[in-house]
Amino acid sequence: MPEETKVFLETPAIPISGKKQANSFSASSDSPRTSSPTLGEHYSYDTIEEISNYLLSRTHIRPKIGIICGSGLGHLGETLSDATYFPYEDIPHFPLSTVVGHAGRMVLGTLNGVEVMVMQGRFHFYEGYPLTKCSMPVRVMKVCGCTHLITTNAAGGLHDSYQIGDIMIVKDHINIMGFAGNNPLQGPNDPRFGPRFPPMNRAYDPELIKIAENLANDMGIKDETHTGVYICLGGPSYETVSELRMWRMLGVDAVGMSTVHEVITARHCDLKVFAFSLITNKCITDYDSNGEANHAEVISAGAKRQDVLATFVTRMVEKINEML
Ligand SMILES: O=P(O)(O)O[C@@H]1C[C@H](O)[C@@H](CO)O1
Ligand SMILES: Nc1nc2[nH]cnc2c(=O)[nH]1
C-alpha cells in the first residue's frame, strides 16, 4: 500500500459538509487563482486526499486498478460484485456528468474477485470543464491506491479497415489540445503527484498492449481488434471531411474527445496505462457522403458490444492482477 494511502486510512474519515461546485469554475479555497480560461480550478493534494478518503471510508474495497468507462460503455459498472455506488453529486468536489451514456457514478467493488474502482461516466472539455478537472479523478484513483488505469472510449474509426464494433488498442496518442497550449498538467506542479516535465513516450504500457493483443486472439476477436493511434479533439462538434483527411495523413487511426488528458495525468503520477477505443462510427472522409456522425449511433454501438467489452476488460483486469 502506498505510504500516503496508509497515512490517511489511519486517520478518521473527514466529515463532508455541504456541497458543491459542480459546473462551477470558481477556484477552490486552496487553489492559486489563474486568469487562464483553460486552467480553471486547481485541485490541491489535500483536496484529492479528501475525495479519496470520502470513498475509502465508505467501503472495504482497496482498489489497485481504476477503470474509466467511455460513452455507452458504462455497463461494466453494473457487473461488479460487492459494489458501493457513489453518484458524482454525492462525492465532494466532483463535477457532474452531463453527457447521455455517462451514468455519473463511481463504483468500488470486485470484478471476478479483483478489487477495482470504476467510473461510469467521465468529464469532457466540451462540457465546460477545464482539463485539470476532467482528469482529476485519475489522481483520486492514484491516492486510493491504484497502480493501473484502464481507460476506454467511443471513437470514430479513421483507418480504412476499421469497422463499427471493432476494438482499437491504443498504442499512442496525439495531444493536439496540448499543441494549442491546453494540457491537464498546466499550472503549479505538486511533486507528490509527479515531475514537472513527465515523459510521454511509452505512455501506453507496451507489456499491457501485448497482453491485450494475445487476449483478443484467445477471445476469438483478433480480426476485429487493431492497435492504433488516438487523437482527442475538443468537441463537441464532430469533424469536417478536411479535418479527418488531415488527421489520417498524420497517422491518426481513431478520433475522439477524451482519454488523452486522463492518460497524461495518469503517467504523471506513475500509473501504468492500458487504453482502448470502441469504434462506434466510421469517420466520413468523402465529400459526397450523405452520412452524418451522431451520438445516438455512438451509444447504440456501445450497447451492442457491451458484453464483449465487459469480458475483455474483466480478463485484462485478471491479467493485471496476476502481475501485481
Ligand atoms: O467519453 P467518450 O470519449 O467515450 O465519448 C465520445 C466522445 C464524445 O463524448 C461522444 C461523442 O459521441 O463520444
Ligand atoms: N471526435 C469524435 N469523437 C467521437 N466519438 C465517437 N465517434 C466520434 C467521432 O467520430 N469523432
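Residues numbered from 1 in each chain as written. Chains lettered and ligands numbered in written order. Predicted model: local features only at pLDDT ≥ 70, side-chain atom pairs only at ≥ 80, totals over all residues.

### Regarding the UniProt feature "domain: Nucleoside phosphorylase" (unreviewed entry) in the chain
According to UniProt, the "domain: Nucleoside phosphorylase" (unreviewed entry) feature falls on residues 64-317. Helix makes up 27% of residues 64-317 and strand 26%, whereas the separation of the span's terminal C-alpha atoms amounts to 10 Å. (UniProt positions renumbered as here; feature names shortened; annotations may be inferred. Helix = DSSP H or I, 4+ residues; strand = E, 2+ residues; numbered from the N terminus.)

### Some details on unusual backbone geometry
A cis geometry characterises the amide bond from Gly235 onward to Pro236, with omega recorded as 0°. By secondary structure assignment, the location of Pro236 is in the loop between strand 7 (225-232) and helix 7 (241-249). The backbone phi angle of Asn112 is positive, close to 50°, even though this residue is not glycine. Mapping Asn112 onto the fold places it in the loop between strand 3 (105-111) and strand 4 (114-120). Positive phi is not limited to glycine here, since Asp270 has a value of about 65°.

### Some details on the site of ligand 2
Neighbouring residues of ligand 2: 15 residues in total, closest Ala154, Gly156, Val255, Gly256 and Val298. Only strand 5 (148-157), strand 8 (254-256) and strand 9 (272-282) provide two or more residues apiece to the shell around ligand 2. It is strand 5 that provides the largest number of residues to the shell around ligand 2, a total of three residues. Its residues placed into classes, the shell around ligand 2 shows nine nonpolar, five polar and one charged. (Near = placed C-beta within 6 Å. Nonpolar A, V, L, I, M, F, W, Y, C, P; charged D, E, K, R; others polar.)

### Considerations on the nonpolar core
Counting residues in each nonpolar core, the largest one holds 81 residues, and the members touching the most others are Ile67, Val118, Met168, Val255 and Val273. Look past the residues within four positions of Ile67 in its chain and what remains in contact with it is Leu76, Val116, Val118, Met119, Ile150 and Val313. Residues Phe123, Phe125, Leu131 and Cys134 belong to the second largest nonpolar core, which totals five residues. (Core = buried A, V, L, I, M, F, W, Y, C linked by C-beta atoms within 7 Å. Buried ≥ 20, exposed ≤ 12 C-beta atoms within 10 Å, placed from the backbone. Contact = placed C-beta atoms within 7 Å.)

### A word on the pairing of strand 6 (residues 167-174)
Sheet topology places strand 6 next to strand 7; seven bridges connect them, and they run parallel. Its bridge partner lying in strand 7, Asp172 is registered against Val229. Here three bridges tie strand 6 to strand 9, and the two strands are oriented antiparallel to one another. The partner of Ile167 across the bridge, within strand 9, is Leu278. (Pairing = 2+ DSSP bridges.)

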